[in-house]
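A closer look at the structure
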Amino acid sequence: MIKKEMIAMLLAGGQGSRLGVLTADVAKPAVAFGGKYRIIDFPLSNCINSGIDTVGVLTQYQPLRLNTHIGIGIPWDLDRNNGGVTVLPPYEKSDNSEWYTGTANAIYQNLRYMESYNPEYVLILSGDHIYKMDYEVMLDFHRANKADVTIATMPVSLEEAGRFGIVIADRNKRIMDFEEKPAEPRSNLASMGIYIFSWKVLRDALIELKNQQSCDFGKHIIPYCFEKDMRLFAYEFNGYWKDVGTLGSYWEANMELIDLIPEFNLYEEYWKIYTRGDTIEPLYISPEGHAEHCMIGEGSEILGEVTGSVVGSNVHIGAGAVVRDSIIMKDTWIGDGAVIEKAIIAENCRIGSGAVLGVGEEVPNRFNESVYAFGLVTVGEDSVVPEGVRIGKNTAISGVTEPTDYPDAMLAGGEVLIKAGDRE
């Protein structure tokens, strides 16, 4: 192997349980975003735009969709003979076999991969955030400060700070303390979960802590580096960055894409977001159809009305149907006269004619109030909603459902209907 200055290790094995039925059968980084993209497209595009041509993608939970999407890395120009993209699932070893049990443990289990490139620096990334960042600028900051570890940070409100790892830094951005999700934050500078390590420092820390149960960067590696009196610095990022880890934040981030002047712009020529694309027919809007304030993917057929929504490719919206403030993922069929208000409908679903999603008042979800909230109707992939049924807010549906599953042709607000055994 040719020695690399910096390689990236992209953690993409998360279950994303706060996205509920959207991640029942697919890893969070493989969830669709912005119509044509998947969440992992953003860190992968950042890598190639930053000149990083060697990326290890660590997968674990439901990896099939993710592996198929990444392939050999052609859309991101990462199909390289030396370097490129490599998918790194857990594997059986001669002495034992184990799943990745923490972010740092996952990196440790792939020491041999990193050693094969003997890099000067290792960039640690998460595969489930939406942002654009030039990692080369962060590396310049790391080198200029002769840092052992650089943590990408961004300012957040003090009210939000308790959800993050919080950095306390001096005027020169040297980190004086680090607190993982503190009850009473002493700073509003939050870790983004993006790190640059000098290779020897990372290697030694991973080996030293290899027996630490569920070894994690925020809980174990960073505190260890403090104990060893290493040079840790905070690189402050002031661009757009969003953790789409909840249904509410995922819905909001998609809706922000269709603002008149979007805060996160997918159309910038100098920093393109790349994805795997299919060769399909153009979008069709019938003379009776209407689309306003939307993003709509190729191959879709709009016979009804769509407003304020993000629609993927190969979606059919029937005559007289109305879709408002919703996310409709690829290959979904919406029947004539259906009405959909503030919903997230995953891939390859079928919504029957005359069905109405998003009716009534908001009530807390009785199954999981913290996940199925925000007034949304969430429909998992490959699901079928029968004709003529009415679905309340803060609800979730998954699987092939029948009219008999809906007493009085209604799923009340706050209810969940999951029929995983009926998946085709």
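Higher on the page you've got the structure.
Conventions adopted
Residues numbered from 1 in each chain as written. Predicted model: local features only at pLDDT ≥ 70, side-chain atom pairs only at ≥ 80, totals over all residues. Heavy atoms only, no water. Buried < 20%, exposed > 50% of the residue type's maximum accessible area, 1.4 Å probe, protein only. Helix = DSSP H or I, 4+ residues; strand = E, 2+ residues; numbered from the N terminus. Pairing = 2+ DSSP bridges. Phe/Tyr/Trp six-rings, centres within 6.5 Å; stacked < 30°, edge-to-face > 60°. Lys NZ or Arg CZ within 6 Å of the ring centre and 35° of its normal.

Here the focus is the pairing of strand S6 (residues 121-126). Among the 6 residues in S6, 6 count as buried, and that is most of the element. Residues Tyr 121, Leu 123 and Leu 125 point to one face of S6 and Val 122, Ile 124 and Ser 126 to the other, with burial holding for every one of them. In the sheet, strand S1 (residues 6-11) pairs with S6 via 6 bridges, with the strands oriented parallel. Directly across from Met 9, in S6, lies its bridge partner Ile 124. Two elements, S6 and strand S11 (residues 189-198), share 4 bridges in a ladder whose sense is antiparallel. Counterpart to Leu 123 in the pairing with S11 is Ile 196.

With parallel pairing, 6 strands are arranged side by side in an open sheet as S14-S17-S20-S23-S26-S29. In this open sheet, the two strands that pair with only one neighbour each are strand S14 (284-285) and strand S29 (384-385). Note that strand S20 (residues 316-317) and strand S23 (residues 333-334) share 2 bridges and pair parallel. Note that in S23 the partner of His 316 across the bridge is Trp 333.

Moving on, we come to the packing of aromatic side chains. Under the counting rule described, the total for this entry stands at 12 aromatic pairs. Between Tyr 37 and Phe 42, the aromatic rings sit 5.8 Å apart at their centres with planes inclined by 55°, giving tilted as the arrangement. The rings of Phe 33, Tyr 37, Phe 42, Tyr 240, Tyr 250 and Phe 264 are connected pair by pair, giving a single aromatic cluster. A cation over a ring is seen here: Lys 342 above Trp 251, with NZ or CZ 4.7 Å from the ring centre.

With that settled, consider unusual backbone geometry. With a phi angle near 60°, Asp 331 is a residue other than glycine that sits in the positive phi range. Relative to the helices and strands, Asp 331 is located in the loop between strand S22 (327-328) and S23. A positive phi angle, near 55°, is found at Ala 409, a position not held by glycine. Relative to the helices and strands, Ala 409 resides in the loop between strand S31 (395-399) and strand S32 (410-411). A relative accessible area of 34% means that Ala 409 is categorised as partly exposed.

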